[in-house]
Amino acid sequence: MQDFIAVIPARFASSRLPGKPLLDIAGEPMVAHVWRRAAASAAGRVVVATDDPRIEAGLASLGAEVVMTRDDHPSGTDRLAEVAERLGLSDDAVLVNVQGDEPLLPSALIDQVAARLMDDPGASIATLAEPIGDVETLFNPNVVKVVRALSGRALYFSRAPIPWDRDTFAARPELLETDAWLRHIGLYAYRASFLAEYRHWSPSALEQLEQLEQLRALQHGHAIQVALSREPHPAGVDTAEDLARVREILGHAEGEA
């Protein structure tokens, strides 16, 4: 597998958990745990992209590479595009966006999504998904669903329960024994050439309706490869309850080490 770069966008501001990247987990800031996960992957380079010097200072003891970016990016993808430009990456360079609030992310998934993109030269993006096994998850609008072509490329992403089982759902919401229903996992690999284009596009109509930025890429005709995750994808940290759960898991692991 060719080299790829893992980029961790880490924004200090957060409506639910201010200063989230620097919240302490088992004696280290959250972003340090994410950096360790990325550093344990096959990435040839790991970069933390932030708009706040406090995050850079919080990583100083690890010797992590930090790229300071603008503070007005509307999304992590836009921040990634700035990083690709600042680093002067070639068009065919592959970057994996590792979200800064996922301290439990298995390193193997970072490798898997990068390999998936490299395996399809015609795709601009790769991402992951996992089977949905219950009706509640399928009908939950906070869970993003994806439908794939036989080639593995994404046909559509939605917060709605897709595909819609016309006959069964008309009577009662019940899942059949099939792998048709997939939950999207928000781990992405991008080609640098795509990021250079993306940053100049305005939000698309479908993106604004669903509030899903990957639909911008589909509407502009870019292919997204979707691989079935080889390992379970642990939930990230969005709330104080999530933080307490992760602190317990990593604190217990630290005590056993």
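Since the structure is predicted, the reported quantities are computational estimates derived from the model, not experimental observations.

## Thoughts on the nonpolar core
Next up, step 1: Grouped together as the largest cluster of nonpolar side chains are 34 residues, with contacts concentrated most on Phe4, Ile8, Val48, Leu59, Val96, Val98 and Leu187.
Next up, step 2: Breaking this core down by element, the ones donating at least two residues are β1 (5-10), α1 (30-39), β4 (45-50), β6 (94-97), α4 (107-119), β7 (125-131) and β10 (182-191).
Next up, step 3: In terms of nonpolar packing, the next biggest core, distinct from the first, is built from 31 residues, Ala81, Leu95, Ala154 and Leu195 among them.

## Side note on unusual backbone geometry
Next up, step 1: Geometrically, the link from isoleucine 162 to proline 163 is a cis peptide bond, its omega value of -5 degrees lying close to zero.
Next up, step 2: The phi torsion at alanine 26 lies on the positive side, around 50 degrees, for a residue other than glycine.
Next up, step 3: By the element assignment, alanine 26 lies in the loop between β2 (24-25) and β3 (28-29).
Next up, step 4: At glutamine 211, a position not held by glycine, the phi torsion is positive, near 60 degrees.

## A closer look at the pairing of β1
Consecutive residues of a regular strand have side chains that alternate between opposite faces of the sheet.
Next up, step 1: Most of β1 is tucked away: 6 of the 6 residues are buried.
Next up, step 2: Of the two faces of β1, the one carrying Ile5, Val7 and Pro9 and the one carrying Ala6, Ile8 and Ala10 are both buried.
Next up, step 3: Sheet topology note: the β1/β4 ladder contains 6 bridges and is parallel. Paired with alanine 6 across the bridge in β4 is valine 46.

## Points about the pairing of strand β8 (residues 145-148)
Next up, step 1: Sheet analysis places β8 next to strand β9 (residues 154-158), joined by 4 bridges and oriented antiparallel. By the bridge assignment for β9, arginine 148 is matched with alanine 154.
Next up, step 2: Connecting β8 to the antiparallel partner β9 that follows it, the hairpin turn spans 5 residues, and glycine 152 within it adopts a positive phi of roughly 95 degrees.

## A short note on the packing of aromatic side chains
Next up, step 1: Enumeration over the complete set of coordinates arrives at 6 aromatic pairs.
Next up, step 2: Here the aromatic rings of tyrosine 188 and tyrosine 190 are separated by 5.6 Å at their centres, their planes lie at 20 degrees, and the arrangement is stacked. Neither residue differs from the other here; tyrosine 188 and tyrosine 190 are each classed as buried.
Next up, step 3: Three or more aromatic residues link up through ring pairs in this structure, and these residues are Tyr188, Tyr190, Phe194, Tyr198 and Trp201.
Next up, step 4: One Lys or Arg, arginine 54, reaches over the ring of phenylalanine 12 and ends 3.7 Å from the middle of that ring.

The rules behind each value
Residues numbered from 1 in each chain as written. Predicted model: local features only at pLDDT ≥ 70, side-chain atom pairs only at ≥ 80, totals over all residues. Heavy atoms only, no water. Core = buried A, V, L, I, M, F, W, Y, C linked by side-chain atoms within 4.5 Å. Buried < 20%, exposed > 50% of the residue type's maximum accessible area, 1.4 Å probe, protein only. Helix = DSSP H or I, 4+ residues; strand = E, 2+ residues; numbered from the N terminus. Pairing = 2+ DSSP bridges. Phe/Tyr/Trp six-rings, centres within 6.5 Å; stacked < 30°, edge-to-face > 60°. Lys NZ or Arg CZ within 6 Å of the ring centre and 35° of its normal.

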